[in-house]
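# A structural walkthrough
Here are the chains, one letter per residue:
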Amino acid sequence: MTFPKDFLWGGATAANQCEGAYLEDGKGLSVPDMLLGGDVDTPRTFLPKTDPNAFYPSHEAIDFYHHYKEDIAMFAEMGWGVFRLSINWGRIFPNGDDAEPNEAGLAFYDKVFDECHKHGIEPLVTLCHYEIPWNIVTQYHGFYSRQTIDLFTKYARTCFERYKDKVKYWLTFNEINIPLMGGGHSGLGNLYGLGLMQDEDINSETPIPLSDLKDNPQMRFEALHNQFVASALAVQAGHEINPDFKIGNMIAHITTYPLTPNPKDILENQRNMHISNDLCGDVQVRGAYPDFAFRYFKENQIDVSYITEADKEILKEGTVDFYTFSYYMTNCITVDESAEKIGGNMSMGAKNPYLKASDWGWQIDPDGLRYTLNLLHDRYPDTPLMVVENGFGAFDQVEADGSIHDDYRIAYFKEHIKAMDEAVEDGVPLIGYTTWGPIDLVSAGTGQYAKRYGFIYVDRHDDGTGDFSRSRKDSFYWYQKVCQSNGADLG
Ligand code: BG6
């Protein structure tokens, strides 16, 4: 095995999917708090007014807020060097535009980071993992308003100042490219990513399936641009507050292949990879929009006069120190509209006849991870890379004695870690790996508990039952060996 000796092994979570305590200690409502659950066939529903009779998964999630000591101790038992988590913006600024931060919210993360350090675990903190305060959606249309750039920068500065001696690794926005996926018409992408909704949806009296939320491409691209500016300003502020900070971006890297050697498929796939993945990566790593973006904007009637000279300077000055991404699956792209379709992480594509898929239709492709790491290294040769999400959502069976034999999850991870090892051997500067959902949590896409990712099982179910107790699956002991052997012992 070839992993560097200081390689960071660990796991990744998001506040809204695990903390719960959704109004405790002064926290305000944020976007996920308005969403009900769905399943593989039923999209999540947005319910504008929190209904006391409805089940909102994020409200209690897995109650990490009250279990963090126990959970971090179990992470340490696995031998982790890093724990990726997000700060819930609404705990720090409950309405997003408050004059002063909420001290109780700040104090919570002090305790969490102290607990990590007690166990020798380095926190890797995402500032915004879909947790845009709800008030920013209703009052500002999320990042469509330039005022939200200031609100985010103030929030980022508050966190950097407060935790400058406790956190070294930061990410600005989780999966900043999701508003570009699937043609960008996904309500989930607009709402989760940008906090952007149209007035008629915000004011709806009845539940709306996320797939039916209205899209306005001009507003979407302006909002994304404002988010790029907010991210770049945060990077600059962070480096000023502590020059030792390492601040990264985060991309949902949906790698796609041409379905056939038809040159039309090749070109269509290249266009898709450019728009879905590289546009955001280039802005954040190279500090400027790539040329192909402008043709895309033109063809989609996007008026880009919002990209000012002053903004261009900010983007140039706010490039990231490392590139991080999530990797779960790959899809195929074709111009043949009759090709069989298959789902994926916030995305759709054509079915690949060579790959098997999970129960949620996500195609399993370890070789694609090696390919992706090499592509990224070719594109950004001087930038260290980190895989900050990778995992297998599955139904787990608890045996009579309480054990959980999740060999399918072990098999998934084993092959993906082997692929990373090959990529390191290829010369890719990979610095770390955090698996997604190392402890079962609420699914972002479907809102389910039943879609489990963890090495640690949580007794909590989609009907709202369960006592939140934690237990170790077989994969827990397997990943422990991986971390402790620096990837040498894959069982
Ligand atoms: C990523 C997100 O898109 O995929 C996570 O960053 C999410 O928040 C993960 O949970 C897995 O997706 P899902 O829909 O299975 O929860």
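Refer to the preceding data block for the structure.
A brief structural summary.

About the cut-offs
Residues numbered from 1 in each chain as written. Predicted model: local features only at pLDDT ≥ 70, side-chain atom pairs only at ≥ 80, totals over all residues. Heavy atoms only, no water. Disulfide = S-S within 2.5 Å. Buried < 20%, exposed > 50% of the residue type's maximum accessible area, 1.4 Å probe, protein only. Phe/Tyr/Trp six-rings, centres within 6.5 Å; stacked < 30°, edge-to-face > 60°. Helix = DSSP H or I, 4+ residues; strand = E, 2+ residues; numbered from the N terminus. Lys NZ or Arg CZ within 6 Å of the ring centre and 35° of its normal. Near = heavy atom within 4 Å. Polar contact = N/O pair within 3.5 Å; in protein donor to acceptor, adjacent residues only side chain to side chain. Areas by Shrake-Rupley, 256 points an atom, 1.4 Å probe, with all protein chains shown as cover. Nonpolar A, V, L, I, M, F, W, Y, C, P; charged D, E, K, R; others polar. Expected span 1.5 Å × (residues − 1). Contact = heavy atoms within 4.5 Å. Salt bridge = Lys/Arg side-chain N within 4 Å of Asp/Glu carboxyl O. Core = buried A, V, L, I, M, F, W, Y, C linked by side-chain atoms within 4.5 Å. Pairing = 2+ DSSP bridges. Axes fitted to C-alpha atoms, helices over the stretch in contact; angles between N-to-C directions. 1 Å grid on protein atoms, 1.4 Å probe; cavity = no way out; pocket = protein on both sides within 12 Å on 5 of 7 lines; lining within 4 Å. Points joined across faces, edges and corners; volume = space filled by probe spheres on them.

## Some words on the state of the cysteines
- In total, this model carries 0 disulfides according to the counting rule given.
- With no disulfide of its own, C18 lies closest to C116 among cysteine sulfurs, the gap being 12 Å.
- Judged by its relative accessible area of 3%, C18 falls in the buried class.
- The closest cysteine sulfur to the non-disulfide-bonded C159 is located on C128, 11 Å from its own sulfur.

## Observations regarding the packing of aromatic side chains
- Per the stated rule, a full pass over the model turns up 48 aromatic pairs.
- Taken together, a centroid distance of 6.4 Å and an interplanar angle of 50° make the contact between F392 and Y408 tilted. One end of the pair, F392, is in the loop between β13 (385–389) and α15 (407–426); the other, Y408, is in helix α15, and 16 residues separate them in sequence.
- Residue F392 is classed as buried on the basis of its relative accessible area, which comes to 12%.
- Three or more aromatic residues joined by ring pairs form one cluster here, namely F64, Y65, Y68, F75, W80, F83, F108, Y109, F113 and Y163.
- A cation over a ring is seen here: R91 above F108, with NZ or CZ 5.7 Å from the ring centre.
- Across the ring face of F476, the terminal group of R472 is positioned such that the distance to the ring centre comes to 5.2 Å.

## Digging into the site of the ligand
- Around the ligand sit 16 residues in total, of which Q17, E175, A444, K451 and Y453 are the nearest.
- Here an oxygen atom of the ligand and a backbone polar atom of A444 are 2.7 Å apart.
- Contact between the ligand and K451: an oxygen atom at 2.7 Å from a side-chain N or O atom of the residue.
- Coverage of the ligand by the protein amounts to 99% of the 370 Å² it exposes when considered alone.
- In terms of residue class, the shell around the ligand is made up of 7 nonpolar, 6 polar and 3 charged.

## A closer look at α15
- For α15, with 20 residues, the first-to-last C-alpha span of 29 Å sits near the 28 Å given by 1.5 Å per residue.
- Of the residues making up α15, those classed as buried are R409, I410, Y412, F413, H416, I417, A419, M420, D421, A423 and V424.
- Looking at the buried side of α15, the elements it contacts are β1 (8–12), α14 (366–379), β13, β14 (430–436) and α16 (474–484).

## Remarks on the pattern of salt bridges
- Overall, the coordinates contain 30 salt bridges when judged by the stated rule.
- In this structure, the salt-bridge partner of D440 is R452, at a minimum N-O distance of 2.6 Å. With D440 in the loop between β14 and β15 (456–458) and R452 in the loop between β14 and β15, the pair connects residues that are 12 residues apart, well separated along the chain. Exposure class is identical for D440 and R452. Each is buried.
- Taken together, the salt bridges that share partners define one network made up of D396, D406, R409, D440, R452 and K473.

## Things to note about the nonpolar core
- Counting residues in each nonpolar core, the largest one holds 144 residues, and the members touching the most others are F152 and W170.
- With 11 residues, the single largest contributor to this core is helix α10 (residues 217–241).
- Sequence-distant contacts of F152, defined by excluding residues within four places in its chain, comprise W89, L127, C128, F143, T172, F173, A230 and A234.
- Judged by nonpolar contacts, the second largest core, of 9 residues, contains V82, L124, M250 and M386.

## Topic: the sheet that holds strand β4 (residues 122–128)
- Within the closed barrel, the 8 strands sit side by side as β1-β3-β4-β5-β7-β9-β13-β14. Their pairing is parallel. In this sheet, adjacent strand axes meet at a mean angle of 25° when their direction is disregarded.
- In terms of strand pairing, β4 meets strand β5 (residues 169–173) through 4 bridges, oriented parallel. By the bridge assignment, V125 is partnered in β5 with W170.
- Its contacts with the sheet place helix α11 (residues 263–286) against β5, β7 (246–252) and β9 (322–326), and it is angled at close to 170° to β7.

## A short note on the layout of surface pockets
- What the largest pocket holds in volume is close to 850 Å³.
- Elements supplying a minimum of two residues to the lining of the largest pocket: α8 (187–194), β11 (341–344) and β12 (347–350).
- Among the residues forming the lining of the largest pocket, the class breakdown is 14 nonpolar, 17 polar and 6 charged.
- When residues of the lining of the second largest pocket are traced back to their parent elements, those giving at least two are α11, β10 (330–333) and β12.

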